[in-house]
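The primary structure of each chain is shown beneath.
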Amino acid sequence: MSRPARPRALVLAPMRGPGRDRLWSLADVVYDPGAEHRPFRLLSAADLARRLDETGATILVTEADEVAGPVFDRPLRAVAATRGAPTNVDVAAATARGVPVLHTPARNADAVAELTVGLLLAVTRGIATADREVREGTAYAGGVLPYQRHRAWQLAGRTCGLVGLGAVGRAVRWRMEGLGMRVIASDPYAPEARHRLPELLAAADVVSVHAALGPATRGMIGERQFAAMREGAVYLNTARAELHDTGALVAALEAGRLAGAGLDHFEGEWLDPAARLAALPNVVLTPHIGGATFDVEANHAAMVAEGVERLLRGERPAHCANPEVLERSVPAP
């Protein structure tokens, strides 16, 4: 009896490490990650459907391309989104067509947690400003010693309040504890998060937001919440900018209510250089790079490969956004 033909996979997300090798052993792979194009490329649903036709792929691995509409008119056996939640995939359409949608929760938890710590240190110790002074030769301008100008309170002994205690929040927690901080948390879905949000805001010297964005959390940190924070507190957000009211944050910073802020995301993925936020000296801004590590690519490659292998064996994958389709028989490879 002849062996069944290997499936073909169109892989549009960057992959590396043992997971990449494992996936390549399971399928004939067409590898064309959008992140390696200059400029960066994202495919629309129509373009993605054409690409599937060109390659004959029945397994699709994507990070941010639009997986919707005509894509599901193709004979797909599986879609894997290398994201914590497959927000770029029309999961309802996939379910209607019986296509399992795999995803990779917590792939970037450690990476985002590390950047959170980096932003906190950069804000509290004025690292970005001090670096600029050295490069510009202004460290001793005005006859003031930089040692005096950059004095700050240590983090050890202070309280860090985590808003959201999912995978990233938990990864941040032990790192902050390692700095000697007392860590408290607010999360209605985590039993170990014992503080209500108002209590946390009143007690924390550092407020770090790690909640998932949704109808209940959009704008959850606004004027009233910033006013409730301790005077001189530091605000961090390495999740999504839509979780806070940027205007209210700027007002709190300009008024001196908050000592500083560290942000890794902006609405529309871009901050106008002329924005008031960009002019504040006590704010450190990074362009959504929390998950930008090679380890993240290795992590999601391993998770995708394991999920695809399980599907091909007719087994249940660990991370499927529409598990109801798994109740139907999984076709043999």
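Residues numbered from 1 in each chain as written. Predicted model: local features only at pLDDT ≥ 70, side-chain atom pairs only at ≥ 80, totals over all residues. Heavy atoms only, no water.

A. Layout of helix α1 (residues 18-26). For α1, the set of buried residues is G19, L23 and L26. One side of α1 carries all its buried residues, which in axial view fall inside an arc of 60 degrees. Exposed and oriented more than 90 degrees from the buried face of α1 are P18 and D21. Packed against the buried residues of α1 are β1 (8-11), β2 (28-31), β3 (59-62) and α11 (294-312). (Buried < 20%, exposed > 50% of the residue type's maximum accessible area, 1.4 Å probe, protein only. Helix = DSSP H or I, 4+ residues; strand = E, 2+ residues; numbered from the N terminus. Arc of directions from axis to C-beta. Contact = heavy atoms within 4.5 Å.)

B. View of the UniProt feature "domain: D-isomer specific 2-hydroxyacid dehydrogenase NAD-binding" (unreviewed entry) in the protein chain. Taken from the UniProt record, the annotation "domain: D-isomer specific 2-hydroxyacid dehydrogenase NAD-binding" (unreviewed entry) applies to residues 117-290. Counting secondary structure, residues 117-290 comes out at 32% helix and 16% strand; the distance between its end C-alpha atoms is 11 Å. (UniProt positions renumbered as here; feature names shortened; annotations may be inferred.)

C. Inspection of the UniProt feature "domain: D-isomer specific 2-hydroxyacid dehydrogenase catalytic" (unreviewed entry) in the protein chain at higher detail. When the UniProt feature table is mapped onto this chain numbering, "domain: D-isomer specific 2-hydroxyacid dehydrogenase catalytic" (unreviewed entry) sits at residues 66-322. End-to-end, the C-alpha atoms of residues 66-322 are 18 Å apart, and along that stretch the chain is 35% helix and 14% strand.

D. Spotlight on the sheet that holds strand β10 (residues 258-263). Spatial ordering of the open sheet is given by β7-β6-β8-β9-β10-β11, a layout of six strands whose pairing is parallel. Both outer strands of the open sheet, β7 (182-186) and β11 (283-285), are each paired with one neighbouring strand and no more. Across the sheet, the mean angle from the axis of one strand to that of its neighbour is 15 degrees, orientation sign disregarded. Sheet analysis places strand β8 (residues 206-209) next to strand β9 (residues 233-237), joined by four bridges and oriented parallel. (Pairing = 2+ DSSP bridges. Axes fitted to C-alpha atoms, helices over the stretch in contact; angles between N-to-C directions.)

E. Spotlight on a nonpolar patch on the surface. A surface patch of nonpolar side chains, about 430 Å² in accessible area, is lined by Y140, L145 and Y147. As for its position among the elements, Y147 is in helix α6 (residues 146-149). The class for Y147 is exposed, based on a relative accessible area of 67%. (Patch = residues over 30% accessible without salt bridge, like charges linked within 9 Å, V, L, I, M, F, W, Y side chains within 5 Å. Areas by Shrake-Rupley, 256 points an atom, 1.4 Å probe, with all protein chains shown as cover. Salt bridge = Lys/Arg side-chain N within 4 Å of Asp/Glu carboxyl O.)

F. Spotlight on the environment of V207. In this structure, V207 sits in strand β8. Note on V207: relative accessible area 0%, which makes it buried. A C-alpha to C-alpha distance of 45 Å links V207 and L26, two positions 181 residues apart in sequence. Sequence-distant contacts of V207, that is, excluding residues within four places in its chain, are made with G161, V163, L200, L201, M229, V234, Y235 and L236.

G. Structural view of unusual backbone geometry. Cis geometry is found at the peptide bond from R38 to P39, where omega equals 0 degrees. Tracing the chain through its elements places P39 in the loop between β2 and α2 (45-55). Of note in this structure, E269 is not a glycine but carries a positive phi near 65 degrees. Positionally, E269 belongs in the loop between β10 and β11.

H. Quick peek at the side chain of E133. With respect to the element layout, E133 can be found in helix α5 (residues 127-136). Apart from residues no more than four positions distant in its own chain, E133 is found in contact with T138, A139, R149 and H150.

I. Structural detail: the pattern of salt bridges. Applying the stated criterion to the full structure yields 20 salt bridges. R107 serves as the salt-bridge partner of E63, at 3.1 Å between the closest nitrogen and oxygen. Of this pair, E63 sits in the loop between β3 and β4 (78-81) while R107 sits in the loop between β5 (101-103) and α4 (109-124), and the two are 44 residues apart along the sequence. Taking the shortest distance from any N to any O, the salt bridge between R97 and D73 comes out at 2.9 Å. A residue pair is termed long-range when its members are at least 10 positions apart, and R97 in the loop between α3 (91-96) and β5 and D73 in the loop between β3 and β4 qualify at 24 residues.

J. How the structure looks around the packing of α4 against helix α7 (residues 167-178). Contact pair α4 / α7: the axes reach a minimum separation of 8 Å and the direction vectors enclose 50 degrees. Of the possible angle classes, the one that applies to α4 and α7 is oblique. In the crossing of α4 with α7, the sense of the turn from one axis to the other is right-handed. Contacts from A109, D110, V112, A113, E114, T116, V117 and L120 in α4 reach A167, V168, A171, V172, R175 and M176 in α7. (Parallel < 35°, antiparallel > 145°, perpendicular 65-115°, else oblique. Left-handed = near helix turned anticlockwise from the far one by under 90°.)

K. Seen up close, the sheet that holds β1. Taken in spatial order, the five strands of this open sheet run β2-β1-β3-β4-β5, and their pairing is parallel. Every interior strand has two partners, whereas the edge strands, β2 and β5, have only one. With direction set aside, neighbouring strand axes in the sheet form an average angle of 20 degrees. By the bridge criterion, three bridges tie β1 to β3 in an arrangement that is parallel. Directly across from V11, in β3, lies its bridge partner V61. On top of the sheet, α1 reaches β1, β2 and β3; it is set at about 125 degrees to β2, its chief contact. Against the sheet, α2 touches β1, β2 and β3, its axis set at about 140 degrees to β1.

L. Spotlight on the packing of aromatic side chains. In this structure the tally under the stated criterion is two aromatic pairs. Ring centres of W24 and Y31 lie 5.3 Å apart, and the angle between their planes is 70 degrees; this geometry places the pair in the edge-to-face category. Take Y31: its relative accessible area is 25%, and that puts it in the partly exposed class. Judged by centre distance (5.2 Å) and plane angle (80 degrees), the ring pair of F226 and Y235 falls under edge-to-face. Each member of the pair, F226 together with Y235, is buried. It is R20 that lies over the ring of W24; its NZ or CZ is 4.5 Å from the centre. For R20, the ring lying beneath its charged end belongs to Y31, and the centroid distance is 4.6 Å. (Phe/Tyr/Trp six-rings, centres within 6.5 Å; stacked < 30°, edge-to-face > 60°. Lys NZ or Arg CZ within 6 Å of the ring centre and 35° of its normal.)

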